[in-house]
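# Structural overview for review
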Amino acid sequence: MSRATKGFSPDLCGRAVRVAGGHRSDRASDRAALTPIAGKIGCTAAGPRRWWCREEAPTKRASGAAFR
């Protein structure tokens, strides 16, 4: 990510997405993997979801998958 999102550094956004990605197999959905991360960094689940979609969009488009 090239810019900060409402006070969150691009590094934090990227780390949140990577951590959630590591928990995807443990959770029922991608959203369930993102929600605990949001609570830990002090934002709503919408923030990490947007970061996730922005980072995963090229990969998901290529594979035809959608956010669950």
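Up top is the structure.
Below, the structure is looked at part by part. Predicted, not measured: the structure shown is a model, and the values here were computed from it.

With that settled, consider the environment of R49. As for its position among the elements, R49 is in helix α3 (residues 46–63). Residues R49 and L34 lie 15 residues apart in sequence; the distance between their C-alpha atoms is 6.7 Å.

Now for the packing of helix α1 (residues 10–22) against helix α2 (residues 30–41). Interaxial distance between α1 and α2 falls to 9 Å at its minimum, and their mutual angle equals 140 degrees. By the angle class used here, α1 and α2 are oblique. Here α1 runs over α2; the crossing is right-handed. Across from L12, A16, V19 and A20 in α1, the residues of α2 making contact are A33, L34, I37 and I41. Among the residues forming the contact of α1 with α2, the class breakdown is eight nonpolar, no polar and no charged.

What counts, and at which threshold
Residues numbered from 1 in each chain as written. Predicted model: local features only at pLDDT ≥ 70, side-chain atom pairs only at ≥ 80, totals over all residues. Heavy atoms only, no water. Helix = DSSP H or I, 4+ residues; strand = E, 2+ residues; numbered from the N terminus. Axes fitted to C-alpha atoms, helices over the stretch in contact; angles between N-to-C directions. Parallel < 35°, antiparallel > 145°, perpendicular 65-115°, else oblique. Left-handed = near helix turned anticlockwise from the far one by under 90°. Contact = heavy atoms within 4.5 Å. Nonpolar A, V, L, I, M, F, W, Y, C, P; charged D, E, K, R; others polar.

Don't take any of this as a statement about function, it's just geometry.
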